[in-house]
There are 2 protein chains.
Amino acid sequence: MSKNPPYIECEGGVTAARGFRAAGLLCGIRKQKKDLALITSDRPAVASAVFTQNAIKAAPLAVTMEQLDRSTRISAVLVNSGNANACTGEQGLADAWAMVRAVASSLHLPESQVLVSSTGVIGQYLPMEKVLAGIDQIAPLLATNGHQDAAEAIMTTDTFRKEAAVQIPIGDTTVTIGAMAKGSGMIAPNMATMLGFITTDAVIAQDLLAEAFVRANNRSFNRITVDGDMSTNDMALILANGGAANVPIERGSQDFALFSEALEHLMITLAKMIARDGEGATKLIEVSVTGAHSSAEALQAARAVAGSNLVKTAIHGADANWGRIMAALGYSGVPLKGEEVEIAFNGVPILGKQYTILLNEAMAKEELAKETIVVSVNLNGGSFSEKFWTCDLTKDYVHINASYRS
Amino acid sequence: MSKNPPYIECEGGVTAARGFRAAGLLCGIRKQKKDLALITSDRPAVASAVFTQNAIKAAPLAVTMEQLDRSTRISAVLVNSGNANACTGEQGLADAWAMVRAVASSLHLPESQVLVSSTGVIGQYLPMEKVLAGIDQIAPLLATNGHQDAAEAIMTTDTFRKEAAVQIPIGDTTVTIGAMAKGSGMIAPNMATMLGFITTDAVIAQDLLAEAFVRANNRSFNRITVDGDMSTNDMALILANGGAANVPIERGSQDFALFSEALEHLMITLAKMIARDGEGATKLIEVSVTGAHSSAEALQAARAVAGSNLVKTAIHGADANWGRIMAALGYSGVPLKGEEVEIAFNGVPILGKQYTILLNEAMAKEELAKETIVVSVNLNGGSFSEKFWTCDLTKDYVHINASYRS
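A few points on the structure. (Residues numbered from 1 in each chain as written. Chains lettered and ligands numbered in written order. Predicted model: local features only at pLDDT ≥ 70, side-chain atom pairs only at ≥ 80, totals over all residues. Heavy atoms only, no water.)

## Quick word on the packing of aromatic side chains
Operational definition: Working definition: a ring pair exists when centres of Phe, Tyr or Trp rings (six-membered ring for Trp) sit within 6.5 Å. Plane angles under 30 degrees give stacked, over 60 give edge-to-face, the rest tilted. Geometrically, a lysine NZ or arginine CZ counts as sitting over a ring once it is within 6 Å of the ring centre and also within 35 degrees of the ring normal.
According to the stated counting rule, one finds 0 aromatic pairs over all chains in the structure shown. It is lysine 162 of chain A that lies over the ring of phenylalanine 160 of chain A; its NZ or CZ is 4.3 Å from the centre.

So, in structure tokens, the structure goes:
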């Protein structure tokens, strides 16, 4: 008997939860599409964030990290697209701080409650006159249904908005978690950036929020790859403002398990959207590894298959090229026995044990022509399983990335 | 004053050195091009080999490893293209051993002196009737100028033969080292394979030969990447038959240094050919990192830049996209200060310290339009430097790999 998930998906994105407002507009960093987004909470929210592991960190990341080191009570987050403010030295830092001050001033907030984030071209200074004018204009636009404008304003080469929200019962109230994200593939000239912003009205302590968030992040945004290039601006942030007035979520409680599960589902939903919308991509690929000796080995094997250019081009061409999957498993570093491995595409067996070829070319072609491909690999070694998501590698990826600045 | 290198490049490939013969023919594994090569020495040569780190190893690799474990005195090496004999289980092993026996019988050699190697499609059994008939036919074709036929027979999707040879004075005689190789990019359906075969007439003990070979391999074949996919069949082999009758090369001697330097030059020459001829490639990219705190860090940084799909597509599009190089350096894991990094293309400065943009778009475009691009990165941290080679990433790479089996 299959159990219904304990959460309900709902509308509203990053403004679905009580007390959050958002807006998005075109301030002129870009030519045509919205490029400035603002998210606010009607009271200081507790915050937790994760950042790129890239040693070259953009100025807004440095500023946001410094702000959160001082205080995790946050009321506003400003995000711009079109310019990453990365590799911009002292000037870049000064610009990021100026954005913090301008938002604080415009919203009558302490500077300590404002964070900033950027995505776009590396190595160019922000057009600060336009940005500061944009900050003046955006405050009056803040709205409890502003999620779409904000989600649109953080897009770079994304082809669709990435939003999701879920609701869960906590005690006798309903807690909402909403989110928006952008992808995907280091993008514009030299760019970048997976960004994720999650808002919730849950009452939850900062340390518990961080615990659930880091775990969910490891199982979602850390499990997608488009081209293997890690950006200088990647960042994901969660804000919890307590607007639901639920009984506080306690460590080790059923409520915490529920909140964590809903958050993970929400973030995986966004992660899959990012993978599907990878530059030039036409398909979402889910690599599911079972039968591993440990979770770490399952993840390592799944990551190797998802990261293989050859697997990704084969799936793009709807070519049931299981040898490339075997080769990727082989170089993943995971101890395995080739003759024990079983492979299936969307549940259709391709390879059995002892290298038994079960592939029916016509059936495989039909599955691989679909827009979502689940590559299942059973290592038949242990009882652990993990997933990783990616997209196919296409000529459009090369086209987008070879000619961007031309 | 620049010093001339102590070696002279010469013709003759894998049969340049005394006592080696080779041949290549079409036995029918493939449809049109030669698919079977044989290299022999007129006396047992000492041998050393390196193999793929892939946990899934093809049958011929298992057989060759077992042979070399028993004895490093080798007289013949049979290589086929068109079929990797990988993921073929017990049948594949039996086939590889049958090839060893057939060559030994045909050439009247002990079985222990014969090695085998394969490259091509994964997961298909070899057409053994054709292979055994080919072995019967190839022995009479062996010739001291057979290097071109052999080099052609080991090609898969390579677009040109890869051969080189060098000569060095040892005592009062001349020692020759010749070689052939194939690349590059895991190729046909699921395949693979970098193969390298080096022959020399030097008198040198097996342990010294192995020492020089492993070192040269680490500085050549281990420093190229096409798509990051490591094959199940990669193998490089060196044979030294003593035909030059030089005074034996001793450990720690000037002769050993000379031999090692010439061998390294030869293998780097082949490695660069493989990178240049990567699937779909139009350019050779050399990533040269200087100013690192250690050789390991220099190599790690160079490998990250060379492995970046975004750097490779940008160079394909002649786009002087230095931000992508910075991002790759940043995620390489090497500790570095972004504001200390300097970047140049073919010696033309692009980025100076403190993120100073020196880029002249027209000049950069002119350099990046060339067929060989040297990406120089100075980390300005220490005094160590290393190189890594790759090719550009093109739509043809996707085309070749998405539609191979169609």
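Let us keep going from here.
## Regarding the sheet that holds strand E12 (residues 342–345) of chain A
Residues and elements named next belong to chain A. Formally: Here the rule is simple: two strands pair whenever DSSP picks up at least two bridges between them. Runs of E in the DSSP output that reach at least two residues are strands. Runs of H or I that reach at least four are helices, and both are numbered from the N terminus. Contact criterion: two residues are considered in contact whenever any of their non-hydrogen atoms come within 4.5 Å of each other. Note on geometry: axes are lines fitted to C-alpha atoms, helical ones only across the stretch in contact, with angles between N-to-C directions running from 0 to 180 degrees.
Read from one edge to the other, the open sheet built from 7 strands follows the order E9-E16-E11-E15-E12-E13-E14, with strand pairing classed as mixed. The two strands at the open ends of the sheet, each matched to only one other strand, are strand E9 (224–225) and strand E14 (356–357). For strand E13 (residues 348–352) and E14, the ladder comprises 2 bridges, and the chain directions are antiparallel. Bridging across to E14, glycine 352 finds its partner in threonine 356. Strand contacts of helix H6 (residues 254–276): E9, strand E11 (284–292), strand E15 (372–378) and strand E16 (384–391), with the helix running at about 45° to E16, the strand carrying the most contacts.

## A look at the pattern of salt bridges
Side-chain pairs of opposite charge can arise whenever the charged atoms involved come near each other. The cut-off we apply is this: Each salt bridge in this description consists of a side-chain nitrogen of Lys or Arg and a carboxyl oxygen of Asp or Glu lying within 4 Å of one another. Categorising residues by exposure relies on relative accessible area from a 1.4 Å probe, with only protein chains included: less than 20% of the type maximum marks a residue as buried, more than 50% marks it as exposed, and the intermediate range marks it as partly exposed.
Counted by the stated rule, this structure contains 36 salt bridges over all chains. For the salt bridge of arginine 43 of chain A with aspartate 42 of chain A, the shortest nitrogen-to-oxygen distance reads 3.0 Å. The shortest N-O distance in the salt bridge between lysine 353 of chain B and glutamate 340 of chain B comes to 3.7 Å. With lysine 353 of chain B in the loop between strand E13 (348–352) and strand E14 (356–357) and glutamate 340 of chain B in the loop between helix H9 (322–331) and strand E12 (342–345), this pair connects stretches of sequence that are 13 residues apart. On the basis of relative accessibility, which here comes to 36%, the residue lysine 353 of chain B falls in the partly exposed class.

## Quick notes on the nonpolar core
Nonpolar side chains in soluble globular proteins tend to end up buried together. All names here are of chain A. Inclusion rule: Definition used in this section: a nonpolar core is a set of buried Ala, Val, Leu, Ile, Met, Phe, Trp, Tyr and Cys residues joined via side-chain atoms within 4.5 Å.
Within the largest apolar cluster, 42 residues are counted, with the highest numbers of intra-cluster contacts made by Ile325, Met326, Leu329, Ile343, Val377 and Leu379. When contributions to this core are tallied by element, the ones reaching two or more residues are E11, helix H7 (295–307), helix H8 (309–316), helix H9 (322–331), E12, E13, helix H10 (361–368) and E15. Not counting the four nearest positions on each side in its chain, leucine 329 is found in contact with Ala301, Val305, Val334, Leu336, Val341, Val377 and Leu379.

## Digging into helix H2 (residues 89–107) of chain B
Residues and elements named next belong to chain B. Note the threshold: Under the convention used throughout, the expected extent of a helix is 1.5 Å for every residue step, that is, one less than its residue count.
Helix length check: H2 (19 residues) gives 28 Å between terminal C-alpha atoms against 27 Å at 1.5 Å per residue, within 8%. Residues Gly92, Asp95, Ala96, Ala98, Met99, Val100, Ala102, Val103, Ala104 and Leu107 constitute the buried set of H2. On the buried face of H2, the contacting elements are strand E3 (36–51), helix H1 (59–70), strand E4 (73–83), strand E5 (114–121) and helix H3 (128–138). Phi turns positive, to about 55°, at histidine 108, one or two residues after H2.

The analysis is restricted to geometry; functional conclusions fall outside its scope.
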